[in-house]
Amino acid sequence: MKFGGTSVEDSPAFERLVKIVRNVHTLKASCPVVVVSAMSGVTNALLASVGQATTGDPEGAIHSLEPQWERHLAVAQALTRESAAIRVLLQTAKQEISDLLRATAAETMPRPLLQDLIVSYGERLSAALLAAVLRQASLPAQHVDARRCIITNGEHGRAEPLQSETSRRTRAELDSLIVAEKIPVLGGFVGATVDGTTTTLGRGGSDYTAALLGAALAANEVQIWTDVTGVLTADPRLVSQARTITRLSYAEAAELAYFGAKVLHPKTIQPAMEQRIPVRICNAREPAAAGTIVCSDTELSPRTVKAIAHKTGITIVQVTSARMLGAYGFLHAIFEVFNRHRTAIDIVTTSEVSVSLSLDDTSKLTAIVNELKQLGAVRVEHNQAIICIVGEGLRATPGIAARIFNCLSDINVSLISHGASSVNVTFVVEEKNVRTAISRLHATFFEHNAAEIGEAAVA
Ligand code: ADP
Ligand code: ASP
Ligand code: MG
């Protein structure tokens, strides 16, 4: 059971969470393992403090975190009799973080390492606090430092888990607690290298922690508790009519997560899929609702479009060269440049003489462009967005592409790609058009008469 930042934002949220865990532990007689994010806003505050320390103001950075510690203390005082112990824990954390922020300003250690050390306190503290709150509610919770279970490579800020080592350590740490009917409580997002150096899995990575632990323990189900009732047909911040999808295949959920449905971290599905563990996405404010279940069987529905995801902040790089005509090895040379700079490409389209690629991470863009210039003329377009339309069986359904592009006829669309996985159609629009495009697509596929859509899809 993974609870996101909004599920631990304040005392009422912690109280809702206690009821949800009690329901599973006591009424359903299951053995839950709880994964928790930092209280909402804490990771952002910690990252901002690192930024402030880097600009030479470590004392201001230390001071900026005070309201966050007050929030933890307020929950401890309201909901536990362990507030003295939590106060000591917070005091120690504050001292350690202050030293780390001063080290950040003085550049005495590598910044990526310092940043991971500092942000890790968000989840370490929320997990310790949650374990105390659960104990106060007579649930046998025990805080376990996630760094003892999630073992990763050393890539700070986006560490990759070493799956067999993670499985082995997770079982060693948690099996005996589960047998003793204790409830392990771990912070998400945080891991450590084999030699114990703190790492983090990337923003939103607590979902991934839950899936990794679920896979290691062969859990019956991985539950992602958040602030919306499951995966919705589109981002609810853009489309107020978006509604819950009851069932998704692993492939559909993976595509949606990868192409921007923030409700699931993109890497969450893989460990669950490998072990065929269902992933359920539920709302901590509406716990009785079933939410969305992600599993291997596909829903046989005439409504072949399941959801629309989008990702903004995309950059398109186009390389044009007549040398590409009839030549081989050209694409290889282009991909090698991206590989050298460890930069992922999302969409690739080619013509006879040009290749267009979409990028999310532009931190190495200048160096990449300089190298690509050896291969051809390079054009870069910023402020683009990917739209991804997902549904099992899309490829086999005639008429879908016409319906997509008809409703976008006055919007410039590029890099159209019918996903190799057969569950998606992706394309790029300018960022300023994304809201209009998503609203129209949602209206086309989800806001008309269902029978009509079914008939159109079948026709
Ligand atoms: P948590 O803190 O629980 O991990 P997140 O903020 O990471 O929660 O993810 C939940 C948010 O994802 C929702 O509040 C919603 O705004 C956003 N979201 C984007 N796309 C979708 C989608 N297709 N379905 C549901 N939520 C989505
Ligand atoms: N606290 C981390 C973040 O805000 C991880 C998570 O919430 O999943 O990105
Ligand atoms: Mg999240």
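Keep in mind it's a predicted model, so treat the numbers as computed, not measured.

Trainee: I tried to follow the sheet that holds strand E2 (residues 34-36) on my own but got confused; where do I start?
Mentor: Strand pairing within a sheet occurs via backbone hydrogen bonds; the two strands may be parallel or antiparallel. Taken in spatial order, the eight strands of this open sheet run E3-E4-E2-E1-E7-E9-E10-E8, and their pairing is mixed. Edge positions in the sheet fall to strand E3 (141-143) and strand E8 (247-249), since each of these pairs with one other strand and no more. Summarising the sheet, strand E7 (residues 222-226) and strand E9 (residues 279-283) pair through five bridges and their orientation is parallel. By the bridge assignment, Gln 223 is partnered in E9 with Arg 280.

Trainee: Would you mind showing me how to read the site of ligand 1 here?
Mentor: Around ligand 1, 16 residues are found, and the nearest of them are Lys 2, Thr 226, Asp 227, Leu 232 and Lys 262. Between an oxygen atom of ligand 1 and a side-chain N or O atom of Arg 237, the distance comes to 3.2 Å. Between an oxygen atom of ligand 1 and a side-chain N or O atom of Lys 262, the distance comes to 2.8 Å. In isolation ligand 1 exposes 570 Å². Once the protein is present, 88% of that is buried. Of the residues that constitute the shell around ligand 1, the class distribution is seven nonpolar, four polar and five charged.

Trainee: So what exactly am I meant to see when it comes to the site of ligand 2 here?
Mentor: In the vicinity of ligand 2, the contacting residues are Ser 37, Thr 43, Glu 123, Phe 189, Arg 203, Gly 204, Gly 205 and Ser 206. Contacts to ligand 2 include Ser 37, whose side-chain N or O atom sits 3.1 Å from an oxygen atom. In isolation ligand 2 exposes 260 Å². Once the protein is present, 86% of that is buried.

Trainee: Hey, could you run me through the environment of Ala 290 in this one?
Mentor: Mapped onto the secondary structure, Ala 290 falls in the loop between E9 and strand E10 (292-295). The class of Ala 290 is exposed, set by a relative accessible area of 51%. Each C-alpha atom, one on Ala 290 and one on Gly 230, is 8.1 Å from the other, the two residues being 60 residues apart in sequence.

Trainee: Honestly, the pattern of salt bridges in this entry has me stumped. Any pointers?
Mentor: Pairing between side chains of opposite charge can happen when the charged atoms of each approach one another. Scanning the entire structure with this criterion turns up 24 salt bridges. The salt bridge involving Glu 9 is made with Arg 285; its shortest N-O contact spans 3.1 Å. Taken together, the residues Glu 9 in the loop between strand E1 (2-3) and helix H1 (11-27) and Arg 285 in the loop between E9 and E10 connect sequence positions 276 residues apart. Given a relative accessible area of 53%, Arg 285 falls into the exposed group. With a shortest N-O distance of 2.6 Å, Glu 371 and Arg 340 are connected by a salt bridge. Note that Glu 371 is positioned in helix H12 (residues 365-372) and Arg 340 in helix H11 (residues 330-340), a separation of 31 residues in sequence.

Trainee: Any chance you could explain helix H8 (residues 206-216) here in plain terms?
Mentor: For an α-helix, the turn length of 3.6 residues means that residues three or four places apart are oriented alike. With eleven of eleven residues buried, H8 is to be regarded as a mostly interior element. Every buried residue belonging to H8 is among Ser 206, Asp 207, Tyr 208, Thr 209, Ala 210, Ala 211, Leu 212, Leu 213, Gly 214, Ala 215 and Ala 216, and all of these are buried. Where H8 terminates, the next one or two residues include Ala 218, which has phi positive at roughly 50°.

Calculation rules
Residues numbered from 1 in each chain as written. Chains lettered and ligands numbered in written order. Predicted model: local features only at pLDDT ≥ 70, side-chain atom pairs only at ≥ 80, totals over all residues. Heavy atoms only, no water. Pairing = 2+ DSSP bridges. Helix = DSSP H or I, 4+ residues; strand = E, 2+ residues; numbered from the N terminus. Near = heavy atom within 4 Å. Polar contact = N/O pair within 3.5 Å; in protein donor to acceptor, adjacent residues only side chain to side chain. Areas by Shrake-Rupley, 256 points an atom, 1.4 Å probe, with all protein chains shown as cover. Nonpolar A, V, L, I, M, F, W, Y, C, P; charged D, E, K, R; others polar. Buried < 20%, exposed > 50% of the residue type's maximum accessible area, 1.4 Å probe, protein only. Salt bridge = Lys/Arg side-chain N within 4 Å of Asp/Glu carboxyl O.

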